[in-house]
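A structural walkthrough
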Amino acid sequence: MKKFILTLTLALLCVGASARYDVKRIWDTGYSAFPSIEKFKGKYYVTFREGEGHVFDKNGIAAGKIRVLCSSNGRKWESVALLAKEGFDLRDPKLSVTPDGRLMLVIGGSVYEKKELKLRIPHVAFSTDGKNFSAPEPAEFSEDIPYGMEWLWRLTWNGNTGYAVIYGEKFALVKTTDGRHFDTVTELDADGMPNETTLRFTADGRMAMMIRREKDGHGNFGWWGVSEPPYTEWKFKPMGLRLGGPDFLLREDGGVIAGTRSHFIDKKPKTVLLKGNLEGEFEEFCVLPSGGDCSYPGFLTVGNELWVVYYSSHELGRAAIYLTRIPLSDFD
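Residues numbered from 1 in each chain as written. Predicted model: local features only at pLDDT ≥ 70, side-chain atom pairs only at ≥ 80, totals over all residues. Heavy atoms only, no water.

With respect to the helices and strands, the residue Lys94 is situated in strand β6 (residues 89–97). On a C-alpha basis, the gap between Lys94 and Gly179 in space is 13 Å, while along the polypeptide they are 85 residues apart. When sequence neighbours within four positions are dropped, the list of residues in contact with Lys94 reads Phe34, Ser36, Met104, Leu105, Val106, Trp153 and Arg154. (Helix = DSSP H or I, 4+ residues; strand = E, 2+ residues; numbered from the N terminus. Contact = heavy atoms within 4.5 Å.)

On to the sheet that holds strand β4 (residues 65–71). The sheet built from four strands is open, its strands ordered β2-β3-β4-β5 with antiparallel pairing. Taken across any chain shown, the strands that pair with only one partner, and hence form the sheet edges, are β2 (31–40) and β5 (78–83). Put simply, the sheet's adjacent strands are angled 25° from each other on average, direction ignored. Summarising the sheet, β4 and β5 pair through five bridges and their orientation is antiparallel. In the sheet register, Cys70 faces β5, and the bridge partner there is Glu78. (Pairing = 2+ DSSP bridges. Axes fitted to C-alpha atoms, helices over the stretch in contact; angles between N-to-C directions.)

Residue Pro230 is bonded to the preceding Pro229 through a cis peptide linkage, with omega at 5°. Inspection of the secondary structure assignment puts Pro230 in the loop between β19 (223–227) and β20 (236–238). With phi around 50°, Asp92 is a residue other than glycine that occupies positive phi space. Along the polypeptide, Asp92 turns up in strand β6. Positive phi values are uncommon outside glycine, yet Tyr296 reaches one of about 55°. Looking at the secondary structure, you find Tyr296 in strand β25 (residues 295–302). Its relative accessible area of 8% is what places Tyr296 among the buried residues. (Buried < 20%, exposed > 50% of the residue type's maximum accessible area, 1.4 Å probe, protein only.)

Spelled out as structure tokens, the structure:
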């Protein structure tokens, strides 16, 4: 009962403070979801999947496209690209900046036949100017990684090496130096159908990892872990809450700010922000204005603010993209 009262109070505080937090709907064409945000050459970029539905359109076809928005100030946004590939449902795009200064997209590519998933082939695309992107092309994997049913989740660069987690037939940490070819670092020992995983790096080079899991005997809890280089030894602990489209960032003081979907607020989905630490102890900080089909927050630190992009269907009855600005001092 105490947990419910605390959660409800935080939700009311956040909704009441939404004007101060400058929550804006920045795109609502079709069904727009699964966003990511990045800064590139002095401008801000948001990308997401755009389609008719969560997966299928009215004709039962999965044909999601990848929209890219650009802004010079975070308030006025314009579309600069719409990427598509015949026969593929493109989704879950994640932005990063490569060591050689290109804006990179990691994109999930799914192939369906009569609404049955046949293939999952991760794709990548690149831009040198933030407007003109290369056509999405399949990522290349070392021979030990099964071809055709893997998903490459959010890519994080550390120096000249990018790291990500793949899931599907294999759950493993992979790395790349060119953004196209990925090699296995280590297989990860995680049960309960592990999938969407975000990782970040501490100032001293350790890697932190947050894993979404679908089922176990303890409430489908997400897992948290921290590893020393070369990132081959991991011990995970339950976070005490379910995850959906998780992202997080690490603060210089050792604190962690995370975002995900919660199913425990009035027994309805909401997009929530969390405060935590490197030991994997987390508590709810704020519930963003959201509901229904929602979540997949993406984080960007801009000056003394945290910018959070996410999607929600609470206003329109279909998924739209929102951007929230929160003073980092509020997390102190």
